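Summary of structural features
Residue-level listing of the chains:
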Amino acid sequence: MTMQDLDALLSEARATETRPAPDFLARVLDDAYAAQPVPAAGDAVARPGGRSLLALLAGWVGGFGGAAAGLATATLAGIWLGFAQPAALSAPVASVSAAFGAETAVDDVVELIPSLDGWLAEG
Amino acid sequence: MPLDDLSDLGDEVLLARYAQGDRMAARALVLRLSPRVLGYAARLLGDRAEAEDVAQEAMMRLWRIAPDWRSGEAQVTTWLYRVVTNLVTDRQRARRRRATNGLDEAPEVPDGSPGVVARLIEADRMAALDAALVQLPDRQRQAVVLRHIEGLSNPEIASVMEIGVEAVESLTARGKRALAALLSGQKAALGYEDEGAEA
């Protein structure tokens, strides 16, 4: 037998898949389960995915969701202050305006968000 | 998570999940590693039942070491090959001690007489190869099987057999020559054309 023949035979053996008997696999799996460490109580690692979908969603809501909620609150507050012109803000804003120029009227200062009418008329 | 989703995970990752109590990881490891371990043990021992015992024991050692497995130090498969090699070596030594006929160690290079090979060679090419393999000296057989059937690199074999790479190369070369000698004259039974007949 030449080395080429032997190499071919060995390659054939390499390509031949070993098929374990089902009862052998069952025995090995039984061993695996019997020897497997049991997760501690409250340990959430038992699921193969690591984190469950519920935990993932909870984390998303608690993290990104919380940040999104804060941003939305700030935005709404800004809009509210602009349009409602709370009386409580009128006095401090007027005093600041007065400090920069006595000629400025209070009515001009409290225009925190200019009306869109002017922009539309220009454009 | 379906078992298929675990197929992309490495052996070490699966072993870590196994150690954390993941039963799907246990199944995936059994299905992935058991055939290789069993196949290697069977090639070394030439006895399927005995190979199953060795493979089961090797896998048991993997389960036991899983919680203490140190990632990155060795591949899981290389570690398993080493365990199987040692288990087989122990069995073969015990087998020889039990032998009452006082046979010496197998010769470094077999004389090429077919013996049992001749009977099996007509039945099945793989059976013939296995029968020839078991006639090799233990270390040569381990090196040849790991290199040419299991497909390990020489450095990996060196790690499994706990020897140097040069020793692996020497064992593999001598093992192949001995194997060719054992199978010589059996070309027709193996399905190869007789070069002499063609001339």
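Residues numbered from 1 in each chain as written. Chains lettered and ligands numbered in written order. Predicted model: local features only at pLDDT ≥ 70, side-chain atom pairs only at ≥ 80, totals over all residues. Heavy atoms only, no water.

**Side note on the confidence of the model for chain A**
Residue and element names in this part refer to chain A. Residues at a pLDDT of 70 or more form 33% of chain A, whose mean pLDDT is 63. Below pLDDT 50 for its whole length, residues 45-66 participates in 18 contacts with residues either more than four positions away or in separate chains. Scored below 50 in pLDDT, residues 102-107 makes 3 contacts in the model with residues more than four places away or belonging to other chains. (pLDDT = per-residue confidence, 0-100. Contact = heavy atoms within 4.5 Å.)

**A short note on helix α8 (residues 154-161) of chain B**
Residue and element names in this part refer to chain B. Listed as buried for α8 are Asn154, Ile157, Ala158, Val160 and Met161. The arc that holds every buried residue of α8, seen down its axis, measures 165°, which confines them to one face. Taken from the residues just after α8, glutamate 162 is the one with a positive phi, measuring 60°. (Buried < 20%, exposed > 50% of the residue type's maximum accessible area, 1.4 Å probe, protein only. Helix = DSSP H or I, 4+ residues; strand = E, 2+ residues; numbered from the N terminus. Arc of directions from axis to C-beta.)

**Quick look at the interface of chain A and chain B**
Taken together, the 34 residues of chain A in the interface contact 43 residues of chain B. For the pairing of chain A and chain B, the buried interface totals around 3700 Å² over both sides, and the portion due to carbon and sulfur atoms is 65%. Connecting chain A to chain B are 3 salt bridges. In this structure, arginine 125 of chain B and glutamate 12 of chain A form a salt bridge, with 2.5 Å as the shortest nitrogen-oxygen distance. At the junction of chain A and chain B, the tally comes to 9 residue pairs in polar contact (both at pLDDT 80 or more). (Buried area = accessible area lost by both parts, 1.4 Å probe. Salt bridge = Lys/Arg side-chain N within 4 Å of Asp/Glu carboxyl O. Polar contact = N/O pair within 3.5 Å; in protein donor to acceptor, adjacent residues only side chain to side chain.)

**Comments concerning unusual backbone geometry**
For glutamate 162 of chain B, which is not glycine, the phi dihedral falls at a positive 60°. Within the element layout of this structure, glutamate 162 of chain B appears in the loop between α8 and α9 (165-183).

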